[in-house]
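Here is how the chains run, residue by residue.
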Amino acid sequence: MMMRRQPKPPPTFPALVQVFFVEHLTQQRALSPQTIAAYRDAFMLFLGFAETRLGRSLALITLADLTPGLIMAFLYHLERERHNSVRSRNARLAALRSFLKFAAHRDVSSLQVIEHALGVPAKRFERPMLGYLSREEMLAVIGTPDRAWFS
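Residues numbered from 1 in each chain as written. Predicted model: local features only at pLDDT ≥ 70, side-chain atom pairs only at ≥ 80, totals over all residues. Heavy atoms only, no water.

A. Geometry of the overall build of the protein. The secondary structure content of the protein amounts to six helices and zero strands. Ordered by position from N to C terminus, the α and β elements of the protein give α-α-α-α-α-α. Relative to its 151 residues, the protein shows a buried fraction of 30%. (Helix = DSSP H or I, 4+ residues; strand = E, 2+ residues; numbered from the N terminus. Buried < 20%, exposed > 50% of the residue type's maximum accessible area, 1.4 Å probe, protein only.)

B. Here's a closer look at the side chain of Asp65. With respect to the helices and strands, the residue Asp65 is situated in the loop between helix H2 (33–54) and helix H3 (68–80). At a separation of 2.8 Å, a polar atom in the side chain of Asp65 contacts the side chain of Arg56. Separated by 2.8 Å, the side chain of Asp65 and the backbone nitrogen of Thr62 make a polar contact. (Polar contact = N/O pair within 3.5 Å; in protein donor to acceptor, adjacent residues only side chain to side chain.)

C. A look at unusual backbone geometry. The backbone phi angle of Ala30 is positive, close to 50°, even though this residue is not glycine. Among the secondary structure elements, Ala30 is positioned in the loop between helix H1 (13–28) and H2. Residue His83 is not a glycine yet carries a positive backbone phi of 60°.

D. How the structure looks around the confidence of the model for the protein. Confidence along the protein averages 88 in pLDDT terms, with 89% of residues attaining 70 or more. Ranking the helices and strands of the protein by mean pLDDT puts H3 first, with 97, and helix H6 (residues 135–143) last, with 80. (pLDDT = per-residue confidence, 0-100.)

E. Structural detail: the packing of aromatic side chains. All chains considered together, the criterion is met by eleven aromatic pairs. A centroid spacing of 6.4 Å and a plane angle of 10° characterise the contact between Phe20 and Tyr39, whose relative ring orientation is stacked. Of the two residues, Phe20 is situated in helix H1 and Tyr39 in helix H2; the sequence distance between them amounts to 19 residues. Classification of Tyr39 as buried rests on a relative accessible area of 13%. (Phe/Tyr/Trp six-rings, centres within 6.5 Å; stacked < 30°, edge-to-face > 60°.)

Laid out in structure tokens, this is it:
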């Protein structure tokens, strides 16, 4: 009689987070230490928020808990309570989106939840108009090169 192999259970949320930081960002994507630190900071803020909002310890949080509602509430919290700029808010959202895309490859059973969470849009913001130097300012910049440039 042939025995069927039991399907491997999906990884836990804490295990996914660990592999994301320990292997994926550092080894597979070879991101800079500054980018990894920014992702870490975003996750620390998000996990603290999620733990408070959901009323559960981090060990009990699952991918199914990462709803668009929770993510939007977190982004609102960043802007209103932590006074983050729109750019900072979007950078923290980018870290979460990167994790969700990674998790989609590791936990196929959560694809629908992840797809919904990935639907949270970045917020638009006004980019400042580029200014131009006047003729006098341009000549002042290029007119007298520093002697150190030729040494």
